[in-house]
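# Architecture at a glance
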Amino acid sequence: MSKTQRLYYTDCYLREFEAAVLKVDPEPRGCRVYLDRSAFYPESGGQPMDLGTIADIAVLEVVEEGEAVVHLLERRPERERVVGRIDWARRFDYMQQHTGQHVLSAAFEKTGSYKTIGFHLGAEVSTIDLDSDRLGRRQVEEAEDLANQVVFEDREVRIFFRPSSEASQLDLRKPTAREGDLRLVEVTDFDLSACGGTHVNRTGAIGMILVRKSERMKGATRVEFVCGSRALQTARQDFLVLSEAARLF
């Protein structure tokens, strides 16, 4: 199957695009549609997929198939050229969470040399797993404070490509064994990571990074956090719960 040009690689803010339909395969829930180019992010690397429409037909799922991006639609598009539209509220929410994760992971490494060994972006909360079970409240708050300082400074988030041989000589937060051209995401003077996900273009757009809780697990620490509009909603909900508890007592 031919390679899909991934438009989100260079423009995470692209909400609408035109593409040619290369192939359509039937499947029980509808059909699998292959396009020559796509702005839809497929489920991969700890980040959930984009949703939206193609030719005004709901996109049910987006997955990788080799170098192709496959879109599961409810029915077959009628035309050979189509318009795709991203569910922008969902996309931007995950952009906030993912860039927030980069900043928070870098903050833990800078404040206590705690390395991120895994992460997951969830529909309500996200988590990072750190390589130590010795974190206490003070260590978590130090990293949270530094991460939000970077947010408040509204630093540039830059995406660029480098050959793997050249990227291996750079100060990547986490080394990678991937070959070929690597997509690098840089938070100015703070973090540099190889990453294929979608990100905001300045840290101010993350909004705020709020750590919800941390727990020890098998020699590691899992940190649960929310960013941006999720942080606002969480803080509001917490205030209401505490106010109601205070009223009852």
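What comes next is a walk through the structure. (Residues numbered from 1 in each chain as written. Predicted model: local features only at pLDDT ≥ 70, side-chain atom pairs only at ≥ 80, totals over all residues. Heavy atoms only, no water.)

Under the definition given, this model contains 6 aromatic pairs. Ring plane angle 70° and centroid distance 5.2 Å describe the contact between Tyr8 and Tyr41, whose orientation is recorded as edge-to-face. Here Tyr41 lies in the loop between strand S4 (37–38) and strand S5 (52–54) and Tyr8 lies in the loop between strand S1 (5–6) and strand S2 (16–27), a separation of 33 residues in the sequence. Take Tyr8 and Tyr41: they sit in the same class, and that class is buried. Counting every residue linked through ring pairs, the aromatic cluster contains Tyr8, Tyr9, Tyr41 and Phe161. Taking the ring centre of Phe160 as reference, the NZ or CZ of Arg158 above it sits at 4.1 Å. (Phe/Tyr/Trp six-rings, centres within 6.5 Å; stacked < 30°, edge-to-face > 60°. Helix = DSSP H or I, 4+ residues; strand = E, 2+ residues; numbered from the N terminus. Buried < 20%, exposed > 50% of the residue type's maximum accessible area, 1.4 Å probe, protein only. Lys NZ or Arg CZ within 6 Å of the ring centre and 35° of its normal.)

Moving on to the nonpolar core. Val103, Leu104, Phe108 and Ile209 are the most contacted members of the largest nonpolar core, which totals 29 residues. Residue assignment for this core shows that the elements contributing at least two residues are helix H1 (88–112), strand S10 (126–130), helix H2 (137–152), strand S12 (181–187), strand S14 (209–217) and strand S15 (220–227). The dominant element in this core, judged by the number of residues it contributes, is H1, at 7 residues. Excluding residues that lie within four positions of it along the chain, Val103 makes contacts with Ala147, Val150, Val187, Phe190, Thr203, Ile206 and Ile209. Val21, Cys31, Met49 and Val62 belong to the second-largest nonpolar core, a separate cluster that totals 19 residues. (Core = buried A, V, L, I, M, F, W, Y, C linked by side-chain atoms within 4.5 Å. Contact = heavy atoms within 4.5 Å.)

What follows concerns the pattern of salt bridges. Counting across every chain of the model gives 18 salt bridges. For Asp56, the salt bridge identified is with Arg85, shortest N-O distance 3.3 Å. With Asp56 in the loop between S5 and strand S6 (57–65) and Arg85 in strand S8 (residues 81–86), this residue pair connects regions lying 29 residues apart in the sequence. According to the relative accessible area criterion, Arg85 is partly exposed, its value standing at 35%. The closest approach of N and O atoms between Arg155 and Glu153, which form a salt bridge, is 2.6 Å. One connected set of salt bridges, linked through shared partners, spans Glu16, Asp56 and Arg85. (Salt bridge = Lys/Arg side-chain N within 4 Å of Asp/Glu carboxyl O.)

When S2 meets strand S3 (residues 30–35), the two strands line up antiparallel, connected through 6 bridges. Looking at the pairing, Val21 lines up with Leu35 of S3. Linking S2 back to S3 in an antiparallel pair, the connection comprises 2 residues. Bridge count for S3 against strand S7 (residues 68–73) is 4 bridges, and the pairing is antiparallel. Of the residues in S7, the one forming a bridge with Cys31 is Leu73. (Pairing = 2+ DSSP bridges.)

With that settled, the discussion passes to H1. With 25 residues, H1 ought to run about 36 Å at 1.5 Å a step, and its terminal C-alpha atoms sit 36 Å apart, in line with that. If you check the start of H1, you find a side-chain oxygen 3.4 Å away from the backbone N of Ala89, and it comes from Asp87. A positive phi of about 60° marks Ser113, the residue just after H1. (Expected span 1.5 Å × (residues − 1). Polar contact = N/O pair within 3.5 Å; in protein donor to acceptor, adjacent residues only side chain to side chain.)

Below, the discussion takes up the pairing of S10. Moving residue by residue along a regular strand, the side chains alternate between the two faces of the sheet. Burial within S10 is extensive, with 5 of its 5 residues counted as buried. Both faces of S10 are covered, namely the face carrying Ser126, Ile128 and Leu130 and the face carrying Thr127 and Asp129. Pairing between strand S9 (residues 116–121) and S10: 5 bridges, direction antiparallel. Paired with Leu121 across the two strands is Ser126, which belongs to S10.

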